[in-house]
Amino acid sequence: MSTTADSVGLGGVTSPTESTHSHSDSISTSTTVSTTVVNAIAKTVAIISSTVSAGSTTGASSTTSPLTTPTTTPTTTPSPNPSPTQSFSANLGNAEEKLSVKDLSQALQHFGIVDYLVFVAMLAICAVIGIYFGFIEKKQKKKKLAGKDKAGEAGLEERRGSEALDYLVGGRQMKVFPVALSLVASFVSGISLLGTSTEIYVYGTQYAFILVTLAISGAISWYIFLPVFCNLQLTSTYEYFEMRFNKSVRLLGSTFFTGANLIWLPIVIYVPALAFNQVTGINVHVITPIVCLVCIFYTTAGGMKAVVWTDVIQTVIMVGAVLFVIIKGTMDVGGLGVVIQRNLDSGRLEWPELTLDPKVRMSVLAMFLGNIAQSVNSLGCNQIITQRYMSLPGKKEMAHTSFIFIVGLVVLLSICVYNGLLLFATYYDCDPLTTKLAVAKDQMVPLLVVQSLSSFPGVPGMFVAGVFSAALSSLSTGMNSLSAVFLEDYIRPMAKNPLTEHQTAVIMRVCTVVIGVLSVALVFVVERMGSHVIQLSMTIGSVVQGPLLGLFVMGLLCPSINSRSAMTGSICSFFFMGWMCITAQLAVNSGELHYEGKPVSIDGCDYNFELPLVTPANATFAADESASLSFAQQIYHTSFMFYCLMGATVNVVCSYIAGFFFGRNKAEDVDIELLSPCIRRFQKSNYLSVELDENNLKSSNEKA
């Protein structure tokens, strides 16, 4: 989740807080009010066709197109001081043939019957998978167990098939490839699918170096964090905190995770709803409950198995849709060479800045320290990820899954990065954000789809289905993981008597429904927070992700820290990160914290639009020199990429300081199995760990 998206200054990009405002037509004497929708659509088709044709023939000479920088006014202004209602166009002589931006936007909102059928088919397939694993497969399993002896293999199957294990981790019998695809689908939500492309369009390719850090983070997670969780076979990752510290720390960790996901899930839902709104015109709050109802159904009915197999289907749809978009889009602009050249000319192809200044938005230091910490937390300490690893039968399968997961993740995000370059190559001379053709930053990719693929029936529907697939996979995963945390960390510890299988089944499904309904309701809040989704999600998440990462680091790598010190450090870190993230977000919304985007142009626009009186192109911002910033400003002006690392660091440092007051653990008093393998060689322990190998148990049962 990210933070520092400025609310006004994205180089020709209008404020995201204005994204829900209505857009009026430009005042043009040659455009009559009586223009019919049929004429509008006809003109739109002609304009798009001519634009594509011109783009293909002039791609080699794109360097001559003037760019509008965030500090200069557009060169197409017909007078030195244009009024807010004045129309801008590249061909003033043909103004009578031009549509207003509102007419063009409405004309582009055509979602055909085939598109709706494709979208509905995706939802229907997900529902059928939920029905199969929730009802049909369960009956088959009962018949299978009824025909076996309760001892031996049947006993093992029954234990593996208990309600909680079956619902939350698929009875620990899932296969490698489906789980790997499920991990990819869960990690790459609609936030990443649309937000990554928008990030590249607005700020350039600096963020693309996340691909390198993901591979490093995956290796760190597998060798330091995951071996402990895999060996302990925990349903809830936060059970580890009780084993290493005490129940209070476990409850604190679970609360952090719950809070972070209840904030993250509405963002996950909101992003694809924006895409659907762009291509259909249907209100966000109409489509969101409908789609989420299907997700709640198959997650509640089928549990982990339904989640994993719907993720497989959704991943295929998601990848297929994005590949179709970039292939067709690249052909439309004139080929790969044109895409690279136009981005090179605009300065979008660049390395992260080589500086030690932590306030720089995307620096080498931010990518290789801050983002690695963020990714390690997501890949190695996240209940959503570890719960899928726990659904596999052994460590060998987990290792294979981890490798496929990282490779698939890098490939899919690489496609999203290229899609961002394609966005600029397509709109290099007419920025839709400035003209308000795209009313929100994360509607850029859907706009490209409806403009370039509307002539292919069903393809826009496939794309929207792909974006919603990414969101539904993350939503179903989040609901399933939160239900596991609710059951294992909140409800079981408080229950006076052990829960029966029936009670367990009811509780897990009720938790899933409640979490889903709450996530849909919180979409109203997310809509009004006004920030680029990648940055917004990282900002909010870092409030608890930093302290959580610090807790896991202390538990696995710092055996001397005891429970009271860990609790003190976590609370201090939480309040520090809460102050920092909230203050930074307020600074973004007020314009105090501003990051300059890459240059954009509106010189080639073929339609009429209103240029606001104040835009990022002509607005002036107070220059905040580092020397003039107060100490507090120096802190919350830090790049959002460092947030998770800072939260973890504050937690560990405060916990070590608290150790002077609360004492420290003796090395031999900590169970060596609760420490990372890289620490065990230096650690002596009074504990004798006994590893339970379920395969050996199965063999002994068969012999008996």
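See the structure printed just above.
Rules used throughout
Residues numbered from 1 in each chain as written. Predicted model: local features only at pLDDT ≥ 70, side-chain atom pairs only at ≥ 80, totals over all residues. Heavy atoms only, no water. Helix = DSSP H or I, 4+ residues; strand = E, 2+ residues; numbered from the N terminus. Buried < 20%, exposed > 50% of the residue type's maximum accessible area, 1.4 Å probe, protein only. Contact = heavy atoms within 4.5 Å. Areas by Shrake-Rupley, 256 points an atom, 1.4 Å probe, with all protein chains shown as cover. Disulfide = S-S within 2.5 Å. Salt bridge = Lys/Arg side-chain N within 4 Å of Asp/Glu carboxyl O. Patch = residues over 30% accessible without salt bridge, like charges linked within 9 Å, V, L, I, M, F, W, Y side chains within 5 Å. Polar contact = N/O pair within 3.5 Å; in protein donor to acceptor, adjacent residues only side chain to side chain. Axes fitted to C-alpha atoms, helices over the stretch in contact; angles between N-to-C directions. Parallel < 35°, antiparallel > 145°, perpendicular 65-115°, else oblique. Left-handed = near helix turned anticlockwise from the far one by under 90°. Nonpolar A, V, L, I, M, F, W, Y, C, P; charged D, E, K, R; others polar. Core = buried A, V, L, I, M, F, W, Y, C linked by side-chain atoms within 4.5 Å. Phe/Tyr/Trp six-rings, centres within 6.5 Å; stacked < 30°, edge-to-face > 60°. Expected span 1.5 Å × (residues − 1). Bend = angle between axes of the 7 residues up to and from the residue.

### Details of the overall build of the protein chain
Across its full length, the protein chain carries 26 helices and zero strands. Of all 704 residues assigned to the protein chain, the portion counted as buried reaches 59%. Considering only intrachain contacts with a sequence separation of at least 6, the fraction spanning at least 24 residues in the protein chain is 85%. Carbon and sulfur atoms provide 65% of the accessible area of the protein chain, an area that totals close to 27700 Å².

### A look at the state of the cysteines
Tallying each qualifying case throughout the model produces one disulfide. In this model Cys430 forms its disulfide with Cys605; the gap between the sulfur atoms is 2.0 Å. When the S-S torsion is 110°, as for the bridge of Cys430 with Cys605, the disulfide is right-handed. Within this pair, whereas Cys430 is found in the loop between helix 15 (395-426) and helix 16 (432-435), its partner Cys605 is found in the loop between helix 22 (563-590) and helix 23 (631-636), the two being separated by 175 residues in sequence. Here the two residues Cys430 and Cys605 agree in accessibility, since each one is buried.

### Concerning the pattern of salt bridges
Using the criterion set out here, one finds nine salt bridges in the structure. For Glu199, the salt bridge is made with Arg361, and the minimal N-O distance between the two is 2.6 Å. In this pair, Glu199 is assigned in helix 7 (residues 190-203) and Arg361 in the loop between helix 12 (336-345) and helix 13 (364-380), connecting sequence segments 162 residues apart. Residue classification places Glu199 among the buried positions, given a relative accessible area of 2%. Taking the relative accessible area as the measure of exposure, Arg361 reaches 7% and is therefore buried.

### Structural notes on a nonpolar patch on the surface
Among the surface-exposed residues, Ile131, Tyr132, Phe135, Ile136 and Phe297 lie close enough to one another that they form a single nonpolar patch of about 430 Å² accessible area. Looking at which element gives the most residues to the nonpolar patch, the answer is helix 3 (residues 113-146), with four residues. Considering the arrangement of structural elements, one finds Phe297 in helix 11 (residues 284-333).

### Considering the side chain of Glu488
Mapped onto the fold, Glu488 is located in helix 18 (residues 459-494). Within the structure, the side chain of Glu488 is placed 3.4 Å from the side chain of Arg492, a separation counted as a polar contact. Not counting residues within four places of it along the chain, the set of residues in contact with Glu488 comprises Thr235, Ser236, Glu239, Arg250 and Pro493.

### Describing the packing of helix 11 against helix 19 (residues 501-521)
For the pair helix 11 and helix 19, the least separation of the axes is 10 Å and the interaxial angle reads 165°. When the axis of helix 11 is compared with that of helix 19, the two are roughly antiparallel. For the element pair helix 11 and helix 19, the recorded crossing hand is right-handed. Across the interface between the two elements, Thr288, Pro289, Cys292, Ile296, Thr299, Thr300 and Ala301 from helix 11 touch Arg509, Thr512, Val513, Gly516, Val517 and Val520 from helix 19. For the contact of helix 11 with helix 19, the residue count by class is seven nonpolar, five polar and one charged.

### Re the environment of Val506
Within the secondary structure layout, Val506 lies in helix 19. Along the chain, Val506 and Thr300 lie 206 residues apart, while their C-alpha atoms are 9.9 Å from each other.

### Details of the nonpolar core
In terms of nonpolar packing, the biggest core is built from 173 residues, with Phe119 and Tyr240 touching the most fellow members. A per-element tally of this core places helix 10 (residues 247-280) first, with 18 residues. Those residues within four positions of Phe119 in sequence are excluded, and the remaining contacts are Phe276, Ile287, Val291, Gly461, Val464, Ala465 and Phe468. By size, the runner-up hydrophobic cluster in this structure holds nine residues, among which are Leu168, Ala484, Leu499 and Cys511.

### With respect to unusual backbone geometry
The phi torsion at Gln233 lies on the positive side, around 55°, for a residue other than glycine. As for its placement among the helices and strands, Gln233 is situated in the loop between helix 8 (210-232) and helix 9 (239-244). Judged by its relative accessible area of 30%, Gln233 falls in the partly exposed class. Unlike most non-glycine residues, Lys436 shows phi in positive territory, near 70°.

### Section: the packing of helix 6 (residues 176-187) against helix 11
Running from N to C, helix 6 and helix 11 point in directions that differ by 65°, and their axes come no closer than 8 Å. The chirality of how helix 6 crosses helix 11 is left-handed. Along the contact surface, helix 6 presents Pro178, Val179, Leu181, Ser182, Ala185 and Ser186, while helix 11 presents Val308, Trp309, Asp311, Val312, Thr315 and Met318. Classifying every residue of the contact of helix 6 with helix 11 by side-chain character gives eight nonpolar, three polar and one charged.

### What about the packing of aromatic side chains?
For the structure on display, the rule yields 18 aromatic pairs. Where Phe229 meets Tyr240, the ring centres are 5.7 Å apart and the plane angle is 80°; that geometry is what we call edge-to-face. Highlighted residues: Phe229 in helix 8 and Tyr240 in helix 9, separated in sequence by 11 residues. Each member of the pair, Phe229 together with Tyr240, is buried. Centre to centre, the rings of Phe574 and Phe575 are 5.5 Å apart; their planes meet at 70°, and the pair counts as edge-to-face. Under the relative-accessibility criterion, Phe574 is labelled partly exposed at 29%. Owing to a relative accessible area of 57%, Phe575 belongs among the exposed residues under this scheme.

### So, the environment of Gln387
Tracing the chain through its elements places Gln387 in helix 14 (residues 383-389). Since its relative accessible area comes to 0%, Gln387 is described here as buried. Residues Gln387 and Phe229 lie 158 residues apart in sequence; the distance between their C-alpha atoms is 9.6 Å. Apart from the residues within four sequence positions on either side, Gln387 is in contact with Leu168, Val169, Met304, Asn480, Ser481 and Ala484.

### Observations concerning the side chain of Gln545
By the element assignment, Gln545 lies in helix 21 (residues 533-557). Within polar-contact distance, the side chain of Gln545 engages the side chain of Gln374 at 3.0 Å.

### Quick notes on helix 19
In this model, helix 19 (21 residues) spans 31 Å end to end at C-alpha, consistent with the 30 Å of a helix rising 1.5 Å per residue. Restricting attention to buried positions, one finds in helix 19 the residues Thr504, Ala505, Ile507, Met508, Arg509, Cys511, Thr512, Ile515, Gly516, Ser519 and Val520.

### Focus on helix 11
Residues lying three or four places apart along an α-helix face the same way, a consequence of the helix completing one turn every 3.6 residues. Given a rise of 1.5 Å per residue, 50 residues ought to cover 74 Å, yet the end C-alpha atoms of helix 11 are separated by just 31 Å, more than 12% below that figure. The largest bend in helix 11 is about 130°, located at Gly303. When you tally the buried positions in helix 11, you get 35 out of 50 residues, the bulk of the element. Looking at where helix 11 begins, the residue whose side-chain oxygen comes 2.7 Å from the main-chain nitrogen of His285 is Asn283. Among the residues trailing helix 11, Gly334 stands out with phi positive, at a value near 115°.

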